[in-house]
Amino acid sequence: MRNNSHSVRTPPLLLYAGVPLLVTAFLWVTGSSELSISEILAALVLCWIPWASYQTWYHGSRQDLPLFSLVSAMYWVAYAVPLFWSSHVIGLVNGNHRLSEQAIAQSMYLVVSGVLALWAGMKMTARWRRVTFTRVDVPQNPWRWQYLRIVLVATVLMKIVVPITAWGESARQIVVNIETFVASIVFVILLRSWLRGEAMKVDKILVTGYFLAALVLGLASGWLGTFVGLGIICVAAYLYEKHKLPVTALLVVLPIVMFLQPGKAKFREMYWKGGPSDSYSSGYAERITFWIDASSQAWGRALTDPTGAQGFPVLAGATVNRLSLLEQTANVIEMTPSQVPYQYGRLYSYLPITFVPRVLWPEKPSITDANKWYQLAYHLTAPANIETVGISVGTLTESYISFGWIGPVTVMFCLGILLGVVKELFMGTASGLLFSSIGVALLPGLLAVESQMAVYVAGLLQQVFFALLTLAPVIAVGRHHSRLSDTAISRAMSR
């Protein structure tokens, strides 16, 4: 009764405009770009959409993950923030190119229409009949949880000792799925047990050890995304158990990401030597120290430079540019179809074969073929560097390359249906501990809005398949509900 009464008193969505107005006003005042009223309104709408969606979730039962809020927030970061703070210049093979304000404005209209189509697709799946998976779960059986602990330790050791190419390129994705995805699922299960106050001391040690090991391995390999992905997983686990965002943790993590971003390019220039590496001549501590020192020097110059040539706004703008999709989308709009014709779905040709493991088809086309074509066609990368430079334009802009303005409406709507199905199966109120933990592990990939369609959906089924295969010994099928579901229901009734 209390929940029902609370739902009735929930304000209409349009009244959730206070925070988006303040955030957009702050970006406008602190930004250096001259913008039209329509561009500012588009940025405001793009900020309001995830905030209103989150507030709806927050004032509801809060028993699932607010997937649409998180995904739409990533589009705000990739488009609205650089609208105010970036230089609106894109680097092409023939030099820097200043993008027209018309193309920038159209990019904002494009992303707003795409996010709304995504919402419509996810909204449609919410009306379908829910399928519960609480009968397939991890029971509170000591030996089954012991198996989970063994898997977590084994995957960490495997990641340290075994290179991802140890069994050849055909088995590369399998190794990645086991080392990263399966380990993330077990980590989430044990972390959620800790957050519920049910974890044993050994579980707390394993959770802490895995967090530190994943952080060190990621930073020592030049991947800032590892740190970000691990943070997303921890935030999602906290959301499941505490039903609110860990604001304090976010305020700590975001400045760390901003601090480390400037040193990433120097790290890769120093250690990658033409591409990611599985082996290094120096140790973990030396590589992490180099990255931290490079970032410290960059920020030190930015804060003390009296000329402003390397000042804080310049460095902050460069950091924002690395997260931005706005310039790439504007460049595509300028060149399509005047210089590059519409592709009418040709970039999606990899999708039908994406679910075939490379171990069964060693010579199948590369998942990055669409990216390489994009980089060459839109003059982002010289042919000589195409094998060592990877640039993604995102599913939204890829849909425009294929079908023009109808692309975001149709493709993003279909993508919304896919995300809605994933949410219902792996992030819904009746998903159970195992499936909801799989959903948490999937989340970093689902939030990677810079990925093109083939990359976005390619490993989805493979990841779930290998996770269920590896964790099969701990899965039980019965008539009982998981303890997580019972706990969640009790919490909902007590609020």
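Residues numbered from 1 in each chain as written. Predicted model: local features only at pLDDT ≥ 70, side-chain atom pairs only at ≥ 80, totals over all residues. Heavy atoms only, no water.

### Some thoughts on the overall build of the chain
Now for step 1: A tally of regular secondary structure across the chain gives 20 helices and four strands.
Now for step 2: Residue burial in the chain is summarised as follows: out of 495 residues, 48% are buried.
Now for step 3: Considering only intrachain contacts with a sequence separation of at least 6, the fraction spanning at least 24 residues in the chain is 77%.
Now for step 4: When the accessible surface of the chain is totalled, it reaches about 23,300 Å², and 67% of it is carbon and sulfur. (Helix = DSSP H or I, 4+ residues; strand = E, 2+ residues; numbered from the N terminus. Buried < 20%, exposed > 50% of the residue type's maximum accessible area, 1.4 Å probe, protein only. Contact = heavy atoms within 4.5 Å. Areas by Shrake-Rupley, 256 points an atom, 1.4 Å probe, with all protein chains shown as cover.)

### Focus on the side chain of Asn371
Now for step 1: As for its position among the elements, Asn371 is in helix α14 (residues 369-377).
Now for step 2: The class for Asn371 is buried, based on a relative accessible area of 8%.
Now for step 3: Within the structure, Asn371 has its side chain in polar contact with the side chain of Gln452 (distance 3.4 Å).
Now for step 4: Setting aside residues up to four positions removed in sequence, Asn371 forms contacts with Ile391, Ser392 and Gln452. (Polar contact = N/O pair within 3.5 Å; in protein donor to acceptor, adjacent residues only side chain to side chain.)

### Topic: the pattern of salt bridges
A side chain with one charge can pair with a side chain of the opposite charge if their charged atoms come near.
Now for step 1: Applying the stated criterion across every chain yields a total of five salt bridges.
Now for step 2: Where Glu198 meets Arg196, a salt bridge forms, and the shortest distance between an N and an O atom there is 3.4 Å.
Now for step 3: For Glu198, a relative accessible area of 30% puts it in the partly exposed group. (Salt bridge = Lys/Arg side-chain N within 4 Å of Asp/Glu carboxyl O.)

### A look at unusual backbone geometry
Now for step 1: For the bond running from Thr336 to Pro337, omega is 0°, close enough to zero to count as cis.
Now for step 2: Secondary-structure assignment places Pro337 in the loop between α13 (326-335) and α14.
Now for step 3: Phi at His88 takes a positive value of approximately 60°, unusual for a residue other than glycine.
Now for step 4: Take His88: it is sitting in the loop between α4 (67-85) and β1 (89-92).

### Comments concerning empty space enclosed by the protein
Now for step 1: For the coordinates displayed, the defined rule picks out two cavities of 30 Å³ or more.
Now for step 2: Of the voids in this model, the second largest cavity is the one considered here, and its volume is about 60 Å³.
Now for step 3: For the second largest cavity, the full set of lining residues is Thr155, Val156, Lys159, Glu179, Ala183, Tyr210, Ala213, Ala214 and Leu217.
Now for step 4: Of all the secondary-structure elements, those providing two or more residues to the lining of the second largest cavity are α6 (142-161), α7 (172-195) and α8 (201-220).
Now for step 5: Counting residues per element, the lining of the second largest cavity draws most heavily on α8, which supplies four residues.
Now for step 6: Its residues assigned to classes, the lining of the second largest cavity shows six nonpolar, one polar and two charged. (1 Å grid on protein atoms, 1.4 Å probe; cavity = no way out; pocket = protein on both sides within 12 Å on 5 of 7 lines; lining within 4 Å. Points joined across faces, edges and corners; volume = space filled by probe spheres on them. Nonpolar A, V, L, I, M, F, W, Y, C, P; charged D, E, K, R; others polar.)

### Describing the packing of helix α9 (residues 224-242) against helix α17 (residues 432-446)
Now for step 1: Look at α9 against α17: their axes get within 8 Å of each other, and the N-to-C directions meet at 145°. As α9 runs across α17, the sense of the crossing is right-handed. Two secondary-structure elements touch here, α9 through Gly229, Ile232, Ile233, Ala236, Ala237 and Tyr240 and α17 through Ser436, Val440, Ala441, Leu443 and Pro444.
Now for step 2: Classifying every residue of the contact of α9 with α17 by side-chain character gives nine nonpolar, two polar and no charged. (Axes fitted to C-alpha atoms, helices over the stretch in contact; angles between N-to-C directions. Left-handed = near helix turned anticlockwise from the far one by under 90°.)

### A few points about the nonpolar core
Now for step 1: Of all hydrophobic cores here, the largest spans 109 residues; its most connected members are Leu46, Tyr75, Tyr79, Phe187, Leu419 and Leu442.
Now for step 2: Per-element accounting of this core gives the leading share, eleven residues, to α4.
Now for step 3: Aside from chain neighbours lying at most four places away, what touches Leu419 is Leu67, Val71, Leu118, Met122, Leu446 and Tyr456.
Now for step 4: Formed by twelve residues, the second largest nonpolar core is a distinct cluster that contains Ala220, Phe267, Tyr271 and Trp291. (Core = buried A, V, L, I, M, F, W, Y, C linked by side-chain atoms within 4.5 Å.)

### Focus on the packing of aromatic side chains
Now for step 1: Evaluation of the coordinates by the stated rule reveals 14 aromatic pairs.
Now for step 2: Geometrically, the ring pair formed by Phe267 and Trp291 is tilted, given 5.4 Å between the ring centres and 40° between the ring planes. Of this pair, Phe267 sits in helix α10 (residues 247-271) while Trp291 is found in helix α11 (residues 284-304), placing the two residues 24 residues apart along the sequence.
Now for step 3: By relative accessible area, Phe267 is classed as buried at 0%. (Phe/Tyr/Trp six-rings, centres within 6.5 Å; stacked < 30°, edge-to-face > 60°.)

### A closer look at the pairing of β1
Now for step 1: In β1, alternate side chains face the same way, and those of Ile90 and Leu92 are buried while those of Val89 and Gly91 on the opposite face are not.
Now for step 2: Summarising the sheet, β1 and strand β2 (residues 95-98) pair through four bridges and their orientation is antiparallel. Across the sheet, Ile90 pairs through a bridge with His97, a residue of β2.
Now for step 3: Two successive antiparallel strands, β1 and β2, enclose a turn made up of two residues. (Pairing = 2+ DSSP bridges.)

### Quick notes on the environment of Val389
Now for step 1: If you trace the backbone, Val389 turns up in the loop between α14 and α15 (395-403).
Now for step 2: Taking relative accessible area as the criterion, Val389 reaches 33% and is therefore assigned partly exposed.
Now for step 3: As a C-alpha pair, Val389 and Gln375 span 14 residues in sequence and 9.0 Å in three-dimensional space.
Now for step 4: Setting aside residues no more than four positions away along its own chain, Val389 makes contact with Gln375 and Thr381.

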